[in-house]
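# Descriptive structure summary
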Protein chains: 2
Amino acid sequence: MKTSSPAPSFAPIKTQRAFEVICEQIRGQLAAGTLKTGDKLPAERELAAEFQVSRSALREALRSLEVAGIIRNVKGVKGGAFIQSAEPDRIVQAMQDYVHLGNVSLDELTEARLATQDIIVRLACERASEADFAELEAIAERTRQENGVEARYECAADYYRVLARATKNRMFGIFVDSLSAILHEFVQGPDYETLQEALIESRFKLVRHLRARDADAAAVEMRKHLERVHRHVRKNLKAQDAPAKVGKARAKGARPD
Amino acid sequence: MKTSSPAPSFAPIKTQRAFEVICEQIRGQLAAGTLKTGDKLPAERELAAEFQVSRSALREALRSLEVAGIIRNVKGVKGGAFIQSAEPDRIVQAMQDYVHLGNVSLDELTEARLATQDIIVRLACERASEADFAELEAIAERTRQENGVEARYECAADYYRVLARATKNRMFGIFVDSLSAILHEFVQGPDYETLQEALIESRFKLVRHLRARDADAAAVEMRKHLERVHRHVRKNLKAQDAPAKVGKARAKGARPD
DNA sequence: ATATTTTTAATGGTCCTACCATTAAAGGAG
DNA sequence: CTCCTTTAATGGTAGGACCATTAAAAATAT
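This is a predicted model, so every value here is computed, not measured. (Residues numbered from 1 in each chain as written. Chains lettered and ligands numbered in written order. Predicted model: local features only at pLDDT ≥ 70, side-chain atom pairs only at ≥ 80, totals over all residues. Heavy atoms only, no water.)

## Concerning the interface of chain A and chain B
- Contacts between the two partners involve 63 residues from chain A and, on the opposite side, 64 residues from chain B.
- Across the chain A to chain B interface the summed buried area is about 5400 Å²; carbon plus sulfur atoms make up 57%.
- When the area that chain A buries against chain B is broken down by residue, the three leading residues are Y98, L101 and R170 of chain A, summing to 13%.
- Across the chain A-chain B interface, the total number found is 12 salt bridges.
- A salt bridge links R127 of chain B to E111 of chain A, with the shortest nitrogen-to-oxygen separation between them at 2.3 Å.
- For the pair chain A and chain B, the interface holds 16 residue pairs in polar contact (both at pLDDT 80 or more). (Contact = heavy atoms within 4.5 Å. Buried area = accessible area lost by both parts, 1.4 Å probe. Salt bridge = Lys/Arg side-chain N within 4 Å of Asp/Glu carboxyl O. Polar contact = N/O pair within 3.5 Å; in protein donor to acceptor, adjacent residues only side chain to side chain.)

Here it is in structure tokens:
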């Protein structure tokens, strides 16, 4: 380190806690490829000895990695910490937390969803196979037979998920899942039922456009679909006095740190 | 439990661990609004007593919430766990982990980035203020004066960040930060220097298009810019035998669970 | 021999106690 | 009033103990 640096910019002091160092080392081995999916870490007591820390500290590190979806702890003999094949759940949860802490408004979510789905529809229009189309139709049909709000919502999420998968790009699946999970919390209210048939019909129409490889028509249909849903969500939000979730971000003026 | 249940569908047994229950309760209070940014949780020893668990178990819960970016633990008297105003870092980290575990290829990242930036450019073109333009130009100018690869990369990330902010939608900022962080790992190599001037010039051009509110021209410029960068990244990736990072996803056939 | 049951040892989950380092507030010296 | 010292609260770490679970090994029955 240069001592007489004229620039008054100091690196922020960050006390490295034991568990952080451990996490870093393991993450590092992951990025380097030394550790990969399916590998098993030594037992806690053994690892603790290797890192020369107490079992408590090591456990906090493992716990962190677990909630990050990197490892999975399994009990019993032959148990231990196994490197997981990451699933997007953690990303979804992170986004959900972010929204809950009041940093994103419903309007922003809606806009992001519209934009994302527009891309997805256009890519899917190019790349989707007949199998994808069939699956989408099957889901739409299944939606018609369900009657619980929750079950119907699951169908909707599946529909979007399959559509995203048809782009053959997993990143879009992540975006969609995240937005779906967050917006799910708003899907409720009395007249959601009356919308159903229109929504289902819209999903069939979308598949028809995709089959015809008519990207513009498909995108328009998706846009109309989403706008209908979001109009409904917004109406319910206002009506129910919104149990202090999203939307009060700017009002509270949340300042970072 | 009913013994002769005809339906063979059982709910998956999920042993609720203590720390999970604690996390759920706190997350619940967050979603419900009982807890909000800036609030302080009781001290660990006190909280443990309240939940009737050991301090260890409670600490694992707090650690989980901390790595999730929900709370921040501060030492000393008057210390404790404070509800944080979440920053997107955690989402970025989650995405990074996901990629490191080999679930997304470089091609997918690239495509997602192109699509995302296209939206951002178009929205920014509508909404950016003169202040935003000035900031973008200042960053581009600053890039020219830096000479370390790392410093230049930081400038680039700032540029994209400010551009995303100009959309007035925080979700896009998250997407961009995530993609930037992940792709950052590939930005290296000898001839990155020779690209710099072209890249910087391109950033100025983009601002000019934005000022003119010419969305199509701006989008084209961004596309050309990104394609140039990604061509370079890809070339380096092949050349350096890619230290086992992204790209081997499909080859290994990572199967979830 | 084979199948079934029992025992055993490894392992994560939890609890407990103790001590350290840090920090802000209270108290004391000048 | 200012500066220094002391003090108490708090998170971080250590280390030991015990429990529940689990799969393998051993014992037993068939």
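## So, the relation of the copies chain A and chain B
- Note on the copies: chain A fits chain B at an RMSD of 0.2 Å, the axial shift is 0.1 Å, and the rotation between them is 180 degrees. What the superposition gives is, in effect, a two-fold axis relating one chain to the other.
- Mapped onto chain B, 100% of the interface residues of chain A again fall at the interface, so both copies present the same surface. (Least-squares fit on C-alpha atoms with pLDDT ≥ 70 in both.)

## Comments concerning the protein's contact with DNA strand D
- By nearness alone, 24 residues border DNA strand D, and R17, A18 and S54 of chain A together with R55 and G80 of chain B come closest of all.
- Counting only atoms of DNA strand D within 4 Å of the protein, the fraction found in sugar and phosphate groups is 62%.
- The side chain of R17 of chain A places a nitrogen or oxygen atom 2.7 Å from a phosphate oxygen of DNA strand D.
- Looking at the surface near DNA strand D, the elements with two or more residues in it are α3 (55-67) of chain A together with α2 (44-51) and α3 (55-67) of chain B.
- In the surface near DNA strand D, the residues fall into seven nonpolar, seven polar and 10 charged. (Near = heavy atom within 4 Å. Helix = DSSP H or I, 4+ residues; strand = E, 2+ residues; numbered from the N terminus. Nonpolar A, V, L, I, M, F, W, Y, C, P; charged D, E, K, R; others polar.)

## With respect to the environment of Q117 of chain B
All names here are of chain B.
- Along the polypeptide, Q117 turns up in helix α5 (residues 106-127).
- Judged by its relative accessible area of 2%, Q117 falls in the buried class.
- For Q117 and L163, which are 46 residues apart along the polypeptide, the C-alpha to C-alpha distance reads 9.2 Å.
- Residues in contact with Q117, not counting those within four places in the same chain, are Y160, L163, V176, M222 and L226. (Buried < 20%, exposed > 50% of the residue type's maximum accessible area, 1.4 Å probe, protein only.)

## Brief notes about the packing of helix α2 (residues 44-51) of chain A against α3 of chain A
Residue and element names in this part refer to chain A.
- The contact between α2 and α3 brings their axes to 9 Å, and the two run at 105 degrees. When the interaxial angle is binned, α2 and α3 end up roughly perpendicular. Side by side, α2 and α3 meet where E44, R45, L47, A48 and F51 of the first sit next to R55, L58, R59 and L62 of the second.
- Taken together, the residues that form the contact of α2 with α3 break down as five nonpolar, no polar and four charged. (Axes fitted to C-alpha atoms, helices over the stretch in contact; angles between N-to-C directions. Parallel < 35°, antiparallel > 145°, perpendicular 65-115°, else oblique.)

## Focus: the pattern of salt bridges
- Inspection of every chain in the model, using the stated rule, returns 52 salt bridges over all chains.
- A salt bridge links E20 of chain B to R17 of chain B; its shortest N-O distance comes to 3.3 Å.
- Classification of R17 of chain B as partly exposed rests on a relative accessible area of 28%.
- Several salt bridges share partner residues, and in doing so they unite R17, E20 and E60 of chain A together with E44, R55, R59, R63 and E66 of chain B into one network.

## Things to note about the environment of P88 of chain A
- Residue placement: P88 of chain A occurs in the loop between β2 (80-83) and α4 (89-100).
- In this structure the C-alpha to C-alpha distance between P88 of chain A and D177 of chain A, which are 89 residues apart in sequence, comes to 8.1 Å.
- Excluding anything up to four places from it in sequence, P88 of chain A contacts I174 of chain A together with Y98 of chain B.

## As for helix α6 (residues 130-145) of chain B
All names here are of chain B.
- Between the first and last C-alpha of α6 there are 23 Å, a value that for 16 residues agrees with the 22 Å anticipated at 1.5 Å per step.
- Three or more residues of α6 are buried, namely D132, F133, L136, I139, A140 and T143. For α6, the buried positions fall inside an angular range of 125 degrees around the axis, keeping them on one side. In α6, the exposed residues that point more than 90 degrees away from the buried face are A131 and Q145. (Expected span 1.5 Å × (residues − 1). Arc of directions from axis to C-beta.)

So, to be careful, I would describe these as geometric facts and stop short of saying anything about function.
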